[in-house]
4 protein chains.
Amino acid sequence: MSVNKVILVGRLGRDPETRYMPSGDAVTNFSIATDEQWRDRNGERQTRTEWHNITLFGKLGEIASQYLRKGSQVFIEGRIQSRKYSGKDGIERTAYDIIGSEMKMLGSRNDTGAAGGSYDQMGGGADYAQGGNFSQGGYDAAPAASSPPPAAPRRQAPRPAPAPAPIDDIDDDIPF
Amino acid sequence: MSVNKVILVGRLGRDPETRYMPSGDAVTNFSIATDEQWRDRNGERQTRTEWHNITLFGKLGEIASQYLRKGSQVFIEGRIQSRKYSGKDGIERTAYDIIGSEMKMLGSRNDTGAAGGSYDQMGGGADYAQGGNFSQGGYDAAPAASSPPPAAPRRQAPRPAPAPAPIDDIDDDIPF
Amino acid sequence: MSVNKVILVGRLGRDPETRYMPSGDAVTNFSIATDEQWRDRNGERQTRTEWHNITLFGKLGEIASQYLRKGSQVFIEGRIQSRKYSGKDGIERTAYDIIGSEMKMLGSRNDTGAAGGSYDQMGGGADYAQGGNFSQGGYDAAPAASSPPPAAPRRQAPRPAPAPAPIDDIDDDIPF
Amino acid sequence: MSVNKVILVGRLGRDPETRYMPSGDAVTNFSIATDEQWRDRNGERQTRTEWHNITLFGKLGEIASQYLRKGSQVFIEGRIQSRKYSGKDGIERTAYDIIGSEMKMLGSRNDTGAAGGSYDQMGGGADYAQGGNFSQGGYDAAPAASSPPPAAPRRQAPRPAPAPAPIDDIDDDIPF
DNA sequence: TTTT
DNA sequence: TTTT
C-alpha cells in the first residue's frame with residue numbers, strides 16, 4: 001500500500017518530443033517549469049525555478065506532442081520515478097521523471113501558448129488520461145532511455161518512427 | 001503561476017534524523033518507500049520500490065522525529081525540489097527532495113510502526129502542518145545540505161543540538 | 001478543460017454495501033469520516049467531523065466490500081459529484097458523493113480495521129484503480145440512486161445480487 | 001488522523017462576492033464549473049457540468065475578489081465542508097462548500113478572463129495561500145452564513161463593509 | 001452561472 | 001528551456 005502522486009501546473013520550456021520504441025510504443029518527453037517566490041530574512045524577494053522532466057506514454061504523449069508547444073501551460077498528474085543513467089562522462093547518475101497519467105491543457109481561448117488550427121478541434125483545452133496498458137508500472141513499458149534532461153538529454157530514436165495516430169484514430173478516447 | 005504538489009503515503013526506511021542549523025532552525029530528514037506492482041508483457045508480476053527523500057523544517061520535522069520510526073506509515077504533502085551536491089568523489093550530482101508542508105501519521109491504534117507511550121497522547125494519529133516562516137520558498141531556510149540519501153546521505157550536524165521541543169511546548173500547534 | 005479531484009484519508013463509519021444494477025454493474029457505497037481540530041478565539045479546542053459519501057463502481061467497489069470494514073482506514077481518490085434526490089418527505093435535495101477512482105487500504109499489519117484471513121492474501125494493504133469503462137463520466141453508469149447517507153441513505157437493491165467476484169477472478173487486476 | 005483535500009481547476013460562473021463579518025473578517029464566495037465528458041453505452045457523447053461553491057477567508061478571498069472575474073480560470077486547493085441551512089421554504093438542507101486554502105490564477109497573458117489594469121501588477125497570474133489564523137478549522141471563523149448557492153444563495157452583508165485591502169497592504173503576502 |  |  002502506498003501513494004505516489006504528483007500534481008503540476010507549469011509551462012513547457014520546449015516543444016514536446018516523441019520517440020517510438022521498437023515495440024511501436026510512443027514515449028513523449030518535455031520539461032515544465034514551476035516557480036516559487038518568497039522573501040528571505042532580509043525581506044528580499046527571492047525566486048526559484050524548478051524544472052520537471054515529464055514522460056508520457058502512448059496516446060497521451062502523442063496528443064501532448066500534437067497540441068502542446070513551448071510556453072504552453074499544462075496540468076500534469078502523475079508519479080515520481082527515478083532512473084539511473086550514465087552520462088557521456090561515464091558517471092552514473094540518477095534522474096527523476098514525472099510519469100504522467102493525466103494531462104490537461106490550460107489557458108485556451110486566445111492563449112498564444114497553444115497550437116493553432118488543430119487546437120480548435122480540441123475545443124480549446126483538452127483532457128486526456130493514460131489508457132490501460134501503460135498505467136500500472138510503466139517501467140516495463142519504458143525501457144531505460146539512454147539519458148535524461150537537462151543534465152542528461154534523451155537521445156531521439158534513430159529508427160523510422162510510425163506516424164502519429166491521426167486525430168480520427170484517437171477521437172474515441174478524447175473526452176470531449 | 002504554477003503548482004508543484006506531491007502527495008505520498010509510504011513507510012519510513014529508517015528513523016528520522018533532525019539536524020539544527022546555526023540559526024537554530026531544525027531540519028529533519030527521512031526516506032519513505034512507495035511501491036508499484038504491475039504485470040509485464042509476459043504476465044509476470046513485477047514490483048518496483050521508489051525511495052523518496054523527505055525534508056521537513058522546524059516543528060513539523062521535530063514532531064516527525066518524535067513520533068515516526070522506521071516502518072511508520074505516513075502521509076506527506078509537499079513539493080519537489082532539486083538540489084545540487086558533490087559527493088566524496090568530487091562529482092556534482094542532483095538529488096531531489098520532497099519538502100513537506102503537511103504530515104499525517106497513519107495506521108495508529110495497534111500498528112507497530114508507531115512510537116510507543118507518547119503515541120497514545122497523540123490520540124492515535126496526528127496531523128501537523130508547516131508553520132508560516134518556512135512555507136514560502138524554504139530554500140533560504142535550507143542551506144545546501146551536503147548529500148542526500150540513499151545515493152547521497154546527508155551528513156549529521158556536528159554541533160551541539162538544542163533539545164527537541166518538549167511536548168508541552170508544541171502542544172498549541174498540534175491540531176487535536 | 002477542468003480538474004475535479006478529491007483525496008481523502010479517513011475511516012469507514014460502517015461496512016460497505018454493494019448493490020447490483022439491472023445491467024449487472026456493481027455500485028458500492030460507504031461513508032468515511034475526516035476530522036479537523038483547531039482552537040477557537042478563546043483558545044478552546046474545537047473539533048469537527050465531516051462525513052463523505054463514497055461511491056465505487058465495478059470491481060473497485062467489490063474489492064472494497066470484500067476488504068474494508070467499519071473502522072478501516074482508507075485512502076480514496078476521486079471526484080465530487082452532486083446528485084438530486086427526493087426524500088420520503090417528497091422534498092428535493094442535493095447530495096454530494098465522492099466517485100472514487102482509486103482506493104488504497106491503509107494501516108494493514110495488525111490494524112484491527114482490516115478484514116481477517118483474506119487480508120493476508122492482500123499482502124497487508126492493497127491498491128486498486130478504477131478500470132476503463134466507468135472512468136469517464138460514470139454518470140451514465142450510475143443511475144440516480146434514491147437517497148444518500150447519512151442524511152439520505154441509499155436504498156439497497158431488492159433484486160438477487162450476483163455473487164461478488166471471486167478473488168481469482170480479479171487477481172489480474174490487483175496490482176500486487 | 002485524516003486527509004480532506006480537494007483540487008479544482010475551473011472557470012467562475014460570476015464575479016466573486018466578498019462579505020465582511022462583524023469581526024471584520026472577509027468571506028469571499030464564488031462558484032466554479034468543472035466539466036466531464038464521456039461516451040455512454042450507445043456511443044453518444046455526454047457532458048455534465050458540476051458547480052462548486054468556493055469559500056475563501058481573509059486576504060485570500062480579497063485577492064480573489066480583486067483579480068478574478070466571471071469566466072476566469074482558477075486553480076483552487078482546499079477541503080470539503082458541509083453546511084446546514086434553511087431555505088426560505090423553512091426546510092433544512094445541507095450544502096457543501098470548498099474552503100480554499102490556495103488559489104492560483106491560470107491562463108494569464110492575453111486571457112480575457114482576467115481583470116484588466118491591476119492584473120498587470122499581479123504579474124500575469126498570481127498565487128496566494130491562506131494565512132495562519134483561518135487555516136485550522138475555519139469553522140469558528142466562518143459563522144453560519146444564511147444560505148448557500150445555487151440552491152441557497154448567501155445573503156450579502158447589509159452592514160457597511162470595510163474597503164478591500166489596498167494592494168500595498170497585501171504586497172508582503174503575495175509571493176512574487 | 002463558466003468555458004469550448 | 002517556460003512564464004511574468
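Residues numbered from 1 in each chain as written. Chains lettered and ligands numbered in written order. Predicted model: local features only at pLDDT ≥ 70, side-chain atom pairs only at ≥ 80, totals over all residues. Heavy atoms only, no water.

- For chain A, an unreviewed UniProt entry supplies the name Single-stranded DNA-binding protein and the organism Snodgrassella alvi.
- Recorded in UniProt under Function (unreviewed entry), the annotation for chain A is "Plays an important role in DNA replication, recombination and repair. Binds to ssDNA and to an array of partner proteins to recruit them to their sites of action during DNA metabolism."
- Regarding chain A, the relevant UniProt record gives this comment under Subunit (unreviewed entry): "Homotetramer." (UniProt positions renumbered as here; feature names shortened; annotations may be inferred.)

### A closer look at the environment of Thr18(B)
All names here are of chain B.
Here is step 1 of the chain: Counting through the fold element by element, Thr-18 comes out in strand 2 (residues 17–20).
Here is step 2 of the chain: Note: C-alpha distance between Thr-18 and Leu-56 (38 residues apart in sequence) is 9.0 Å.
Here is step 3 of the chain: At a separation of 2.7 Å, a polar atom in the side chain of Thr-18 contacts the side chain of Thr-28.
Here is step 4 of the chain: Within polar-contact distance, the side chain of Thr-18 engages the side chain of Ser-65 at 2.4 Å. (Helix = DSSP H or I, 4+ residues; strand = E, 2+ residues; numbered from the N terminus. Polar contact = N/O pair within 3.5 Å; in protein donor to acceptor, adjacent residues only side chain to side chain.)

### A few points about the relation of the copies chain B and chain A
Here is step 1 of the chain: Aligned on chain A, chain B shows an RMSD of 0.0 Å; the corresponding rotation is 180° and the shift along the axis is 0.0 Å. A rotation of that kind, with that shift, is consistent with a two-fold axis. Considering only C-alpha atoms, the part of chain B nearest the rotation axis is Val6(B), at 2.2 Å.
Here is step 2 of the chain: Both copies contact each other with a shared surface, as 100% of the interface residues of chain B are interface residues in chain A too. (Least-squares fit on C-alpha atoms with pLDDT ≥ 70 in both. Contact = heavy atoms within 4.5 Å.)

### Structural notes on the interface of chain B and chain A
Here is step 1 of the chain: Taken together, the contact pairs 39 residues of chain B with 39 residues of chain A.
Here is step 2 of the chain: Among the residues chain B hides against chain A, the three largest losses belong to Trp38(B), Arg48(B) and Ile80(B). Together they make up 16% of the total.
Here is step 3 of the chain: Of the charged contacts in the structure, one is a salt bridge between Asp25(A) and Arg41(B), with a shortest N-O distance of 2.9 Å.
Here is step 4 of the chain: Taken together, the connections running from chain B to chain A amount to 16 residue pairs in polar contact (both at pLDDT 80 or more).
Here is step 5 of the chain: Where the side of chain B that touches chain A is concerned, the elements lending two or more residues are strand 1 (3–12), strand 3 (26–39), strand 4 (45–57), strand 5 (73–86) and strand 6 (92–105) of chain B.
Here is step 6 of the chain: The element best represented in the side of chain B that touches chain A is strand 1 of chain B, accounting for seven residues.
Here is step 7 of the chain: By residue class, the composition of the side of chain B that touches chain A is 14 nonpolar, 13 polar and twelve charged. (Buried area = accessible area lost by both parts, 1.4 Å probe. Salt bridge = Lys/Arg side-chain N within 4 Å of Asp/Glu carboxyl O. Nonpolar A, V, L, I, M, F, W, Y, C, P; charged D, E, K, R; others polar.)

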